[in-house]
Amino acid sequence: MAFVFRTVAQLAGMSLSLLGWVLACLTNYLPHWKNLNLDLNEMENWTLGLWQACVVQEEVGMQCKDFDSFLALPMELRVSRVLMFLSHGLGLLGLLVSGSGLDCLRVGERQRERKKRLLILGGVLFWTAGVGVLVPVSWVAHVTVQEFWDETLPEVVPRWEFGEALFLGWFAGFCLLLGGCLVTWAACCTQAPLAAGQYPAAETQHLRHPLEMKNTRLTV
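Residues numbered from 1 in each chain as written. Predicted model: local features only at pLDDT ≥ 70, side-chain atom pairs only at ≥ 80, totals over all residues. Heavy atoms only, no water.

J.: Quick rundown of the side chain of Asn28? Include the residues and the values.
T.: Mapped onto the secondary structure, Asn28 falls in helix α1 (residues 2-29). Under the relative-accessibility criterion, Asn28 is labelled buried at 0%. Separated by 3.3 Å, the side chains of Asn28 and His88 make a polar contact. Once residues lying within four places of it in the same chain are set aside, the contact partners of Asn28 are Trp33, Leu50, Trp51, Met84, Phe85 and His88. (Helix = DSSP H or I, 4+ residues; strand = E, 2+ residues; numbered from the N terminus. Buried < 20%, exposed > 50% of the residue type's maximum accessible area, 1.4 Å probe, protein only. Polar contact = N/O pair within 3.5 Å; in protein donor to acceptor, adjacent residues only side chain to side chain. Contact = heavy atoms within 4.5 Å.)

Take a look at the structure:
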């Protein structure tokens, strides 16, 4: 029963982490981190992402243009690019490491301590990847709120608002964090079953004493 519960926790953590990693990749490339609705022209909406800006018109559709210079971007967008790529790499590495330590795999089933270390390392990588997603998303959201309530700008100036990619990024980050917690908890708080043909040391010693006494009597 403990083995089944442990395996389910590991698979649930891996599934959540995989979902968070895929959603984080989508968040990185979606041009919907910020939305701008023009009151003067309701048929035209602007969206902004880490890599391009887009304008949506009812007659033409969506037209996007990539940013020309990385250094010309605001600080939060530049740092967000780096952190998102770092999160993708750490998340992928966490999936590979944790997948190697799953109890349902027959590979290395006698090396319990090694599998435990792999699961713990994978959980830490998932945590780091989740933080790498939450930090840029929250930073861009914070800057958006500051600019929205900036009293120095005239009221007629349009303000940027939260885009759909921010909410998707928050969900992806929390999935990575929760998946890392499940993987680490399953590795630390439950004991893996022994491989076939192996017995605990205490039980082996307990069984050894009657055999030794019996051999002694036969010798006498």
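Once you've had a look at it, read on.
J.: Describe the packing of aromatic side chains, with residues and values.
T.: In the structure shown here, the tally under the stated rule is six aromatic pairs. When the centroid spacing of 6.1 Å and the interplanar angle of 75° are considered together, the rings of Phe162 and Trp170 count as edge-to-face. For Trp170, a relative accessible area of 21% gives the class partly exposed. A centroid spacing of 5.7 Å and a plane angle of 70° characterise the contact between Phe167 and Trp170, whose relative ring orientation is edge-to-face. With Phe167 and Trp170 both in helix α4 (residues 164-188) and three residues apart, this pair spans about one turn of that helix. Under the relative-accessibility criterion, Phe167 is labelled partly exposed at 47%. Aromatic ring contacts, followed pair by pair, group Tyr29, Trp51 and Phe85 into a single cluster. (Phe/Tyr/Trp six-rings, centres within 6.5 Å; stacked < 30°, edge-to-face > 60°.)

J.: I'd like to hear about the packing of helix α3 (residues 112-148) against α4, residue by residue, with values.
T.: Two measures define how a pair of helices packs: the angle their axes make with one another and the distance between the axes. The geometry of α3 relative to α4 is characterised by a closest axis approach of 8 Å and an angle of 160° between their N-to-C directions. By the angle between their directions, the pair α3 and α4 is classed as roughly antiparallel. For the pair α3 and α4, the sense of crossing is left-handed. Class assignment of the residues belonging to the contact of α3 with α4 gives a composition of 21 nonpolar, seven polar and one charged. (Axes fitted to C-alpha atoms, helices over the stretch in contact; angles between N-to-C directions. Parallel < 35°, antiparallel > 145°, perpendicular 65-115°, else oblique. Left-handed = near helix turned anticlockwise from the far one by under 90°. Nonpolar A, V, L, I, M, F, W, Y, C, P; charged D, E, K, R; others polar.)

J.: Residues and numbers for the sheet that holds strand β3 (residues 52-57), please.
T.: Read across the open sheet, the five strands follow the order β4-β3-β2-β1-β5; overall the sheet is antiparallel. At either margin of the open sheet sits one strand with a lone partner, and together these are β4 (61-66) and β5 (161-162). Bridge count between strand β1 (residues 34-37) and strand β2 (residues 44-48): four bridges; the pairing is antiparallel. For Leu36, the partnering residue across the bridge sits in β2 and is Trp46. (Pairing = 2+ DSSP bridges.)

J.: Account for the pairing of β1, naming residues and giving values.
T.: Where β1 and β5 come together, two bridges link them in antiparallel fashion. Along β5, the bridge assignment pairs Lys34 with Phe162.

J.: Break down the environment of Trp170 for me, citing the residues and quoting the values.
T.: As a C-alpha pair, Trp170 and Val137 span 33 residues in sequence and 6.9 Å in three-dimensional space. Non-local contacts of Trp170, meaning those with residues more than four positions away in its chain, are made with Leu134, Val137, Ser138, Ala141 and Phe162.

J.: Would you mind going over the pattern of salt bridges in detail, with residue names and values included?
T.: For the coordinates displayed, the defined rule picks out two salt bridges. Across the pair Glu147 and Lys34 runs a salt bridge, and its minimum N-O distance is 3.7 Å. One end of the pair, Glu147, is in helix α3; the other, Lys34, is in strand β1, with 113 residues separating them in the sequence. Judged by its relative accessible area of 6%, Lys34 is buried. Two residues, Asp68 and Lys65, come together in a salt bridge whose shortest N-O distance is 3.2 Å. (Salt bridge = Lys/Arg side-chain N within 4 Å of Asp/Glu carboxyl O.)

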